[in-house]
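So the chains spell out like this:
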Amino acid sequence: MVIVEIANKSIKSFGITNDDNQNGAELVFNGRVRGTEKGKPIKYLEYEYYEGMAEAELKHLANKVCKKFTINHLYCRHRVGKVKAGELSIHIMILSKHRKEAIKAMDWFIFELKKNVPIWKWAILNDGRKIPSDCMH
Amino acid sequence: MINVKVKCFSQVKYALGVDVLTFELDENTTSIDLEKIIRKKAGKKLNNVPLRIAINQKYQKEETILQDADEVVFIPPVQGG
């Protein structure tokens, strides 16, 4: 199963369960806004996105990951708008029978997301200046 | 003639100073023709910016003849995550 969401609000975790006897691995990735950009302190990152296409690309990628790797579920929440330093910008959970496939799938999904999903960000510095935030790590 | 809408994001929005542009174009105008118009309009601001093209919310792999009422986005490098 795939769930993808893009929203202008704080990210809530997909949560954990104690009654899943199919998925031995539950892998979570949280992407968090750092307090500096290119060595300069920031107030927040401002994310913009192409509404409609961003959701469609995210869903397309998530479905592709589920076919490419032996995983059972992929859930992803991506935040847009103003995201303060310290807050989550993305939350991904992958469930699979074994860990190795989940780890590979997570890395591939994030790599492709950063290449294809039409979402952009600017860093707003403490002095009010706006600079591109182009982290690809 | 055809009318197309160009939505602008990130560096394209910064370079052109607008969210949306509308164009009246000759029939048979292609996505690459329109990209040239956009780059010219931006002066030198998009010179080193690679742009992918989306028409009606789908990436285009090849040059495409634009249709009336198309929504076109020139997508600078994305930065999600």
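Throughout this description, residue numbers start from 1 for each chain and increase along the sequence as written. Throughout, the order in which chains and ligands are written sets their labels, letters from A for the former and numbers from 1 for the latter. pLDDT decides what is reported in this predicted model: residues at 70 or higher carry local features, side-chain atom pairs at 80 or more are listed and counted, and totals for whole chains, interfaces and linings draw on all residues regardless.

Enquirer: Even after reading the chapter, I still don't get the overall build of chain A, so can you show me in this structure?
Expert: Numbering of helices and strands runs from the N terminus; a helix is a DSSP stretch of H or I covering at least four residues, while a strand is a stretch of E covering at least two. Regarding its fold elements, chain A presents 2 helices and 9 strands. In chain A, the succession of α and β elements from N to C terminus is β-β-β-β-α-β-β-β-α-β-β. Our radius of gyration looks at C-alpha atoms and nothing else; its globule reference is 2.2 Å times the residue count to the power 0.38. Taking 14 Å as the expected radius of gyration for a compact globule of 137 residues, we find that chain A reaches 16 Å, a close match to that expectation. If one aligns the C-alpha atoms of chain A with their principal axes, the spans along those axes are about 50 × 30 × 25 Å. Across the 137 residues in chain A, those meeting the buried criterion constitute 31%. Contact between two residues is assigned when their C-beta atoms, built from the backbone, lie within 7 Å. In chain A, 77% of the contacts between residues at least 6 apart in sequence involve partners at least 24 apart. Whether a residue is buried, exposed or partly exposed is read from the other C-beta atoms within 10 Å of its own C-beta, which are placed from the backbone; 20 or more gives buried, 12 or fewer gives exposed, and intermediate counts give partly exposed.

Enquirer: How should the nonpolar core be read in this particular structure?
Expert: Here is a general trend for soluble globular proteins: nonpolar side chains tend to be buried in one another's company. Here a nonpolar core is just a set of buried residues of the types Ala, Val, Leu, Ile, Met, Phe, Trp, Tyr and Cys, joined wherever their C-beta atoms sit within 7 Å. Grouped together as the largest cluster of nonpolar side chains are 48 residues, with contacts concentrated most on Leu58(A), Ile94(A), Phe109(A) and Ile119(A). It is helix 1 (residues 53-68) of chain A that contributes the most residues to this core, 6 residues altogether. Apart from residues lying up to four places away in sequence, Ile119(A) is in contact with Tyr47(A), Tyr49(A), Ala54(A), His78(A), Val80(A), Val78(B), Gln79(B) and Gly80(B).

Enquirer: Hey, could you run me through the interface of chain B and chain A in this one?
Expert: Reports of interface size often rely on the accessible area that becomes lost once the parts have come together. Each side of the interface is counted separately: chain B has 10 residues, and chain A has 21 residues. Gly is placed with the polar residues, together with every amino acid not listed as nonpolar (Ala, Val, Leu, Ile, Met, Phe, Trp, Tyr, Cys and Pro) or charged (Asp, Glu, Lys and Arg). For the side of chain B that touches chain A, the residue count by class is 5 nonpolar, 5 polar and no charged.

Enquirer: Is there a simple way to explain the sheet that holds strand 1 (residues 2-7) of chain B in this structure?
Expert: The strands that make up a sheet pair up through hydrogen bonds in the backbone, lying either parallel or antiparallel. All names here are of chain B. The 5 strands are arranged 2-1-5-3-4 in an open sheet whose pairing can be described as mixed. Each edge of the open sheet carries a strand with a single partner, namely strand 2 (20-25) and strand 4 (58-59). Each pair of strands is called paired provided DSSP finds at least two bridges between the two strands. Pairing geometry for strand 1 and strand 5 (residues 71-75), over 3 bridges, is parallel. Along strand 5, the bridge assignment pairs Val 6 with Val 72. Each axis is a line fitted through C-alpha atoms, taken for helices only over the stretch in contact, and angles between the N-to-C directions span 0 to 180 degrees. Helix 2 (residues 31-41) contacts strand 1, strand 3 (52-55) and strand 5 of the sheet and is inclined by roughly 60° relative to strand 5.

Enquirer: Is there a simple way to explain the pairing of strand 1 of chain B in this structure?
Expert: Sheet topology note: the strand 1 of chain B/strand 2 of chain B ladder contains 6 bridges and is antiparallel. Directly across from Lys5(B), in strand 2 of chain B, lies its bridge partner Thr22(B).

Enquirer: Looking at this model, I keep getting lost on the packing of helix 1 of chain A against helix 2 (residues 99-116) of chain A. Mind explaining?
Expert: Helix-helix packing: each pair is described by the crossing angle between the helix axes and the interaxial distance. All names here are of chain A. At a closest axis distance of 10 Å, the pairing of helix 1 and helix 2 adopts a crossing angle of 150°. One element, helix 1, and the other, helix 2, form an angle in the roughly antiparallel class. Along this stretch, helix 1 crosses helix 2, giving a crossing that reads as right-handed. On helix 2, the residues touching Glu 57, Leu 58, Leu 61, Val 65 and Lys 68 of helix 1 are Ala 105, Trp 108, Phe 109, Glu 112, Leu 113 and Asn 116. Broken down by class, the residue content of the contact of helix 1 with helix 2 amounts to 7 nonpolar, 1 polar and 3 charged. Roughly parallel means an angle under 35 degrees; roughly antiparallel, over 145; roughly perpendicular, 65 to 115; everything else is oblique. By convention the crossing between two helices is left-handed if the near helix lies anticlockwise of the far one by an angle smaller than a right angle, and right-handed if it lies clockwise.

Enquirer: Just checking my understanding: could you explain the environment of Lys64(A) for this structure?
Expert: All names here are of chain A. Mapped onto the fold, Lys 64 is located in helix 1. Assessed through the 15 C-beta atoms surrounding it within 10 Å, Lys 64 is described here as partly exposed. For the pair formed by Lys 64 and Ile 92, sequence separation is 28 residues and the distance between their alpha carbons is 15 Å.

Enquirer: Where do I start with the sheet that holds strand 2 (residues 25-32) of chain A in this structure?
Expert: Residue and element names in this part refer to chain A. Strand order in the open sheet formed by 4 strands is 1-5-7-2, with mixed pairing between adjacent strands. Each end of this open sheet is capped by a strand with a single partner; those strands are strand 1 (2-7) and strand 2. Averaged over all pairs of adjacent strands, the angle between their axes in this sheet comes to 5°, without regard to strand direction. Pairing analysis gives 8 bridges linking strand 2 to strand 7 (residues 88-96), with the strands arranged antiparallel. The residue of strand 7 that forms the bridge with Arg 32 is Leu 88. The strands touched by helix 1 within the sheet are strand 1 and strand 5 (73-79), with strand 1 carrying the most contacts at an inclination of about 155°.

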